[in-house]
Amino acid sequence: DAGITQSPRYKITETGRQVTLMCHQTWSHSYMFWYRQDLGHGLRLIYYSAAADITDKGEVPDGYVVSRSKTENFPLTLESATRSQTSVYFCASSGPVSGRKGSYNEQFFGPGTRLTVL
Amino acid sequence: GEDVEQSLFLSVREGDSSVINCTYTDSSSTYLYWYKQEPGAGLQLLTYIFSNMDMKQDQRLTVLLNKKDKHLSLRIADTQTGDSAIYFCAETSSSASKIIFGSGTRLSIRP
């Protein structure tokens, strides 16, 4: 599929289990991002990556691990899931887009993964 | 650090204009964005404005930028039920590929 995809779309797991959320983009964008969206908090950045093998912490990285061995993939792993990690997770990639007054960066979002930790 | 703030809720009558406001702190912002999130979906770019502009119009959408006050607004004329969504204000500086998002404004339309 062209664009940015996430899998699974829905996941239910138990406290303490490891969970990996997948993200794949077909544009070869350098930058990729993971956000979580919770009521009252908007979007919070978990981790981002500027290129393959380069990752950096965002606002709420604790309890999460990322890797980026290939430009097109950016998996997010919850090493030992907790109830507080119940959320909707969005992956995004960012690339330059040509506008009338020059290029600008646009973030393209995946459809989200709804994760429930029991 | 950079911060983007917007009110959480807005309710308007169908056919009226909606105005969603946003303030930001980064004086080096180059582009400011409005993203729309419909229920069950990811965010999609609605419109953007370059920091040296003060207004941009695109059909029913009007973006106003007051750079001195670091205030951005999105006006939706003739609001329809299909405009019900969460609207996110966002900004980026030319030196970064990170985009800073506000917490989103949930727009609800009443008949």
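> Quick rundown of the nonpolar core? Include the residues and the values.
Generally speaking, nonpolar side chains in soluble globular proteins are found buried as a group. Judged by nonpolar contacts, the single largest core of 21 residues is most densely connected at Tyr35, Leu43 and Phe109 of chain A together with Tyr33, Tyr35 and Phe101 of chain B. Sorting the residues of this core by element identifies strand 4 (31-38), strand 5 (42-51), strand 9 (87-99) and strand 10 (102-109) of chain A together with strand 4 (29-37), strand 5 (43-50) and strand 9 (85-93) of chain B as the ones contributing at least two each. Excluding anything up to four places from it in sequence, Tyr33 of chain B contacts Tyr104 and Asn105 of chain A together with Leu45, Thr47, Tyr48, Leu72, Phe88, Cys89, Ala90, Glu91, Thr92 and Ile99 of chain B. The next biggest cluster of nonpolar side chains, apart from the first, holds 19 residues, and it includes Leu72, Ala85, Tyr87 and Leu107 of chain B.

> Explain the side chain of Gln107 of chain A to me, and be specific about the residues and the numbers.
Residues and elements named next belong to chain A. Here Gln107 shows up in strand 10. The exposure class assigned to Gln107 is buried, which follows from its relative accessible area of 1%. Polar contacts involving the side chain of Gln107 include one to the side chain of Tyr35, which spans 3.0 Å.

> Which residues make up the sheet that holds strand 3 (residues 18-24) of chain B, and what values go with them?
Residue and element names in this part refer to chain B. One open sheet holds the five strands; their spatial order is 1-3-8-7-6, and the pairing between them is antiparallel. Whereas interior strands pair on both sides, the edge strands pair on one side only; in this sheet they are strand 1 (4-6) and strand 6 (55-58). On average, adjacent strands in this sheet sit at an angle of 15° to one another, irrespective of strand direction. One ladder, built from six bridges, connects strand 3 with strand 8 (residues 71-76); its direction is antiparallel. Pairing of Ser18 across the sheet is with Ile76, part of strand 8.

> Break down the state of the cysteines for me, citing the residues and quoting the values.
Applying the stated rule across the entire model yields two disulfides over all chains. Covalently, Cys23 of chain A is tied to Cys91 of chain A through a disulfide, its sulfur atoms 1.8 Å apart. Taking the sign of the torsion about the S-S bond as the criterion, the disulfide between Cys23 of chain A and Cys91 of chain A, at about -75°, is left-handed. Here Cys91 of chain A lies in strand 9 and Cys23 of chain A lies in strand 3 (residues 19-25), a separation of 68 residues in the sequence. Across the pair, Cys91 of chain A and Cys23 of chain A agree in class, each one buried. Bridging Cys22 of chain B to Cys89 of chain B, the disulfide has an S-S length of 2.0 Å. In this structure, the disulfide formed by Cys22 of chain B and Cys89 of chain B twists by about -70° around the S-S bond and is classed as left-handed. A residue pair is termed long-range when its members are at least 10 positions apart, and Cys22 of chain B in strand 3 and Cys89 of chain B in strand 9 qualify at 67 residues. Classification of Cys89 of chain B by relative accessible area gives buried; the value is 0%.

What counts and what doesn't
Residues numbered from 1 in each chain as written. Chains lettered and ligands numbered in written order. Predicted model: local features only at pLDDT ≥ 70, side-chain atom pairs only at ≥ 80, totals over all residues. Heavy atoms only, no water. Core = buried A, V, L, I, M, F, W, Y, C linked by side-chain atoms within 4.5 Å. Buried < 20%, exposed > 50% of the residue type's maximum accessible area, 1.4 Å probe, protein only. Helix = DSSP H or I, 4+ residues; strand = E, 2+ residues; numbered from the N terminus. Contact = heavy atoms within 4.5 Å. Polar contact = N/O pair within 3.5 Å; in protein donor to acceptor, adjacent residues only side chain to side chain. Pairing = 2+ DSSP bridges. Axes fitted to C-alpha atoms, helices over the stretch in contact; angles between N-to-C directions. Disulfide = S-S within 2.5 Å.

Everything listed here is a matter of coordinates, which is why it stays silent on function.
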